[in-house]
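Chain and residue survey
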Amino acid sequence: MARRRKRKSRRRQEGRKILEHIPQFSIDSGEDKPVTAARKYIHTHGILPPALLLVRRNEHTTDRYFWAEKGLFGAQYVEENHFLFPSLKPPEEREVALAVSR
C-alpha cells in the first residue's frame, strides 16, 4: 500500500525560511527542563532578540525556541505565525509598520 505524502503548509515553509537567517545557539538542557535551560542561557549570556535556541533534551530530541522582544516562543508556533513578530520583518517593512502604528 502506497503512503500518502504529508501536505506542507506554505505559511510554515515561509516562516522556516525566515528563521534560517536568525542567529542560532545550540545548548544542552542538562538537569533542567528545556525551557528553563533556554531562559537561563539567555540570561547568563545576555542574548538580544531575535534569536533561535536549539536545546538538546537527550540524544534523540532537540527542542527549538524563538527568543523575541515579547518573550520565549516555540519555534513551530513562530514558523506558522511569523507575521505576528515585528523582529522577523525586513528592515523596510519594520519602518513602515512603525510609521503606521504612530
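Residues numbered from 1 in each chain as written. Predicted model: local features only at pLDDT ≥ 70, side-chain atom pairs only at ≥ 80, totals over all residues. Heavy atoms only, no water.

**A look at the pairing of strand β2 (residues 51-56)**
So the rule is basically this: The cut-offs for exposure are 20% and 50% of the maximum accessible area for each residue type, with area from a 1.4 Å probe on protein chains only; residues under the lower value are buried, those over the upper are exposed, and the others partly exposed. Working definition: helices are DSSP H or I runs of at least four residues, strands are E runs of at least two. Numbering for both runs from the N terminus. One bridge is not enough; two strands pair if DSSP finds at least two bridges between them. Crossover handedness is defined here as right-handed if the route from the first strand over the helix to the second strand goes clockwise, with the strands pointing away from the viewer.
Burial analysis of β2 places five of its six residues in the buried class, which makes it a mostly covered element. Of the strand pairs in this sheet, strand β1 (residues 24-28) and β2 are connected by five bridges, and their pairing is parallel. Residue S26 lies in a different strand from β2, and its bridge partner there is L54. In the classification by handedness, the crossover that spans β1, the intervening helix α2 (residues 34-45) and the parallel β2 is right-handed. Pairing analysis gives six bridges linking β2 to strand β3 (residues 62-68), with the strands arranged antiparallel. Following the sheet pairing, R56 is matched in β3 by T62. Following β2, the chain reverses through five residues before pairing antiparallel with β3.

**A closer look at the environment of P50**
Applicable threshold: In what follows, a contact means two residues having at least one pair of non-hydrogen atoms within 4.5 Å.
Residue placement: P50 occurs in the loop between α2 and β2. In this structure the C-alpha to C-alpha distance between P50 and P86, which are 36 residues apart in sequence, comes to 9.8 Å. Beyond its immediate sequence surroundings of up to four residues, P50 is in contact with I22, P23, F66, W67 and S87.

**Focus on the nonpolar core**
Operational definition: In this description, a nonpolar core means a group of buried Ala, Val, Leu, Ile, Met, Phe, Trp, Tyr and Cys residues linked to one another through side-chain atoms lying within 4.5 Å.
Membership of the largest hydrophobic core is limited to 11 residues, which are I27, A37, A38, I42, I47, A51, L53, V55, Y65, W67 and L72. Only α2, β2 and β3 provide two or more residues apiece to this core. Leave out the neighbours within four places in its chain, and Y65 touches P34, V35, A38, A51, L52, L53, V55, L72, F73, G74 and A75. Counting nine residues, the second largest nonpolar core, distinct from the first, contains L19, L52, F66 and A68.

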